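Summary of the model geometry
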Amino acid sequence: MTNPLSQGSLTGKNALVTGSSRGIGADTIKYFADAGASVVINYRNKEARALKLVEQIEAEGGKAIAVGADLTDSDSVKSMFETAVATFGPLDILVMNASGGMESGMGEDYAMRLNRDSQVNLLKIAIGYLKPGARVVFVTSHQAHFIRNTPTMPEYLPVALSKRAGEDALREMIPELTESGIEFVVVSGDMIEGTITATLLERSNPGAIEARRSGAGKLYNVGEFAAEVALAAVEPVPADNTRLVGDTSDFS
Ligand SMILES: NC(=O)c1ccc[n+]([C@@H]2O[C@H](COP(=O)([O-])OP(=O)(O)OC[C@H]3O[C@@H](n4cnc5c(N)ncnc54)[C@H](OP(=O)(O)O)[C@@H]3O)[C@@H](O)[C@H]2O)c1
């Protein structure tokens, strides 16, 4: 994994990434910590995995804590920010990475509750814990970002619609964020090689990964996409607050 952020570039900064005990969130946390940031790893119920990541970061000289919070539980979100700020101080970077909606047995409206309502609730709470000049990054997929014009696989449709609804609702908060001196960027990417979501979608749609690989020319892996997420937290805010990763010519 090559860190796109230079050593020491985040010294003195604090970053929280939701859903960061595994996958893209975990790699993003590692880049931040390696660049000198104090990091808050949020997990839902995988405490052991989150603590292992804390240990790994501390062994390399970094500063990290793991805080459990289910984003659909407002009280746990509030106490996550309380703990983060009590430990390291107000946050410079918040990455809204946690996502879901393909889990079974969570109720029909779960995708919308998690990917729209809980994201909006989290950002409203977060405003009080972010420094002026802080950056918020919302992570999404091309399959969700472009869902209004480009159809997706049926198993992913509820996730795509809810993530797009979440993105729209968060964008509506930009004027309020700007008033508090907070910047906002959406990062969107195609299917990511090696993720649980891509594996599940491939299982019910054999050939889906290869179809996207040939459509896009190349698919990013977890470390490569996390590098784009990390850069989105520090590079100038792009036009329309949107960072599109890779080739999007199959989407419109
Ligand atoms: N996978 C792809 O192909 C792909 C492509 C483009 C964009 N993205 C975006 O990248 C981001 C990360 O994707 P990923 O594939 O790395 O995800 P993932 O492996 O499915 O991980 C999702 C993370 O979200 C957490 N989470 C789920 N429900 C939660 C809840 N209710 N409260 C708190 N945390 C919760 C999970 O925590 P636990 O481990 O504790 O359950 C996990 O850490 C998502 O926003 C996704 O839309 C993914």
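Up top you'll find the structure we're talking about.
All of the points below concern the structure found in this document. (Residues numbered from 1 in each chain as written. Predicted model: local features only at pLDDT ≥ 70, side-chain atom pairs only at ≥ 80, totals over all residues. Heavy atoms only, no water.)

Some words on empty space enclosed by the protein
Summed over all chains, the structure comprises 1 cavity of 30 Å³ or more. Here the largest cavity is characterised by a volume of approximately 80 Å³. For the largest cavity, the full set of lining residues is Gly 189, Asp 190, Met 191, Ile 192, Ala 216, Lys 218, Leu 219, Tyr 220, Phe 225, Val 245, Gly 246 and Asp 247. Across the lining of the largest cavity, the residue classes break down as 7 nonpolar, 2 polar and 3 charged. (1 Å grid on protein atoms, 1.4 Å probe; cavity = no way out; pocket = protein on both sides within 12 Å on 5 of 7 lines; lining within 4 Å. Points joined across faces, edges and corners; volume = space filled by probe spheres on them. Nonpolar A, V, L, I, M, F, W, Y, C, P; charged D, E, K, R; others polar.)

Structural notes on the site of the ligand
Around the ligand sit 28 residues in total, of which Arg 22, Arg 44, Leu 71, Asn 97 and Ile 192 are the nearest. Measuring from an oxygen atom of the ligand, one finds a side-chain N or O atom of Arg 49 at 3.0 Å. Contact distances for the ligand include 2.9 Å between an oxygen atom and a side-chain N or O atom of Lys 163. Of all the elements in the fold, those that place two or more residues in the shell around the ligand are helix H1 (23–34), helix H4 (110–126) and strand E5 (130–141). In terms of residue count, the dominant contributor to the shell around the ligand is E5 (3 residues). Residue classes in the shell around the ligand are distributed as 10 nonpolar, 11 polar and 7 charged. (Near = heavy atom within 4 Å. Polar contact = N/O pair within 3.5 Å; in protein donor to acceptor, adjacent residues only side chain to side chain. Helix = DSSP H or I, 4+ residues; strand = E, 2+ residues; numbered from the N terminus.)

Here we look at the packing of aromatic side chains
Throughout the structure, instances matching the rule amount to 2 aromatic pairs. Looking at Lys 218, its charged tip hangs above the ring of Tyr 220, at a distance of 4.8 Å from the centre. (Phe/Tyr/Trp six-rings, centres within 6.5 Å; stacked < 30°, edge-to-face > 60°. Lys NZ or Arg CZ within 6 Å of the ring centre and 35° of its normal.)

Structural notes on the environment of Leu 231
Mapped onto the elements of the fold, Leu 231 is located in helix H10 (residues 222–232). Ignoring any residue separated from it by four or fewer positions in sequence, one finds Leu 231 in contact with Pro 4, Leu 5 and Arg 243. (Contact = heavy atoms within 4.5 Å.)

Let's talk about the pattern of salt bridges
Evaluation of the coordinates by the stated rule reveals 16 salt bridges. Among the ionic pairs, Arg 213 bridges to Glu 193, the shortest N-O distance being 2.9 Å. Highlighted residues: Arg 213 in helix H9 (residues 208–216) and Glu 193 in the loop between strand E6 (183–189) and helix H8 (196–204), separated in sequence by 20 residues. Each of Arg 148, Arg 164, Glu 167, Asp 168 and Arg 171 takes part in salt bridges that share partners, so that together they form one network. (Salt bridge = Lys/Arg side-chain N within 4 Å of Asp/Glu carboxyl O.)

Some points on the sheet that holds E6
The strands that make up a sheet are held in pairs by hydrogen bonds between backbone atoms, and each pair lies either parallel or antiparallel. Within the open sheet, the 7 strands sit side by side as E3-E2-E1-E4-E5-E6-E7. Their pairing is parallel. Looking at which strands have only one partner, the edges of the open sheet turn out to be strand E3 (63–68) and strand E7 (242–244). Neighbouring strand axes in the sheet, compared pairwise and without regard to direction, differ in orientation by 20° on average. Relative to strand E4 (residues 91–96), strand E1 (residues 14–17) is paired through 3 bridges, and the arrangement is parallel. Residue pairing for E4: Leu 16 is matched across the bridge by Leu 94. Across the sheet, helix H2 (residues 47–59) is in contact with strand E2 (38–43) and E3; its angle to E3 comes to roughly 170°. This element, H4, spans E4 and E5 of the sheet and lies at about 180° to E4. (Pairing = 2+ DSSP bridges. Axes fitted to C-alpha atoms, helices over the stretch in contact; angles between N-to-C directions.)

Digging into a positive patch on the surface
On the surface, Arg 22, Arg 44, Lys 46 and Arg 49 cluster together into a positively charged patch. With respect to the helices and strands, the residue Arg 22 is situated in the loop between E1 and H1. (Patch = residues over 30% accessible without salt bridge, like charges linked within 9 Å, V, L, I, M, F, W, Y side chains within 5 Å. Areas by Shrake-Rupley, 256 points an atom, 1.4 Å probe, with all protein chains shown as cover. Lys, Arg positive; Asp, Glu negative; His and termini not counted. Charge placed at Lys NZ, Arg CZ, Asp CG, Glu CD.)

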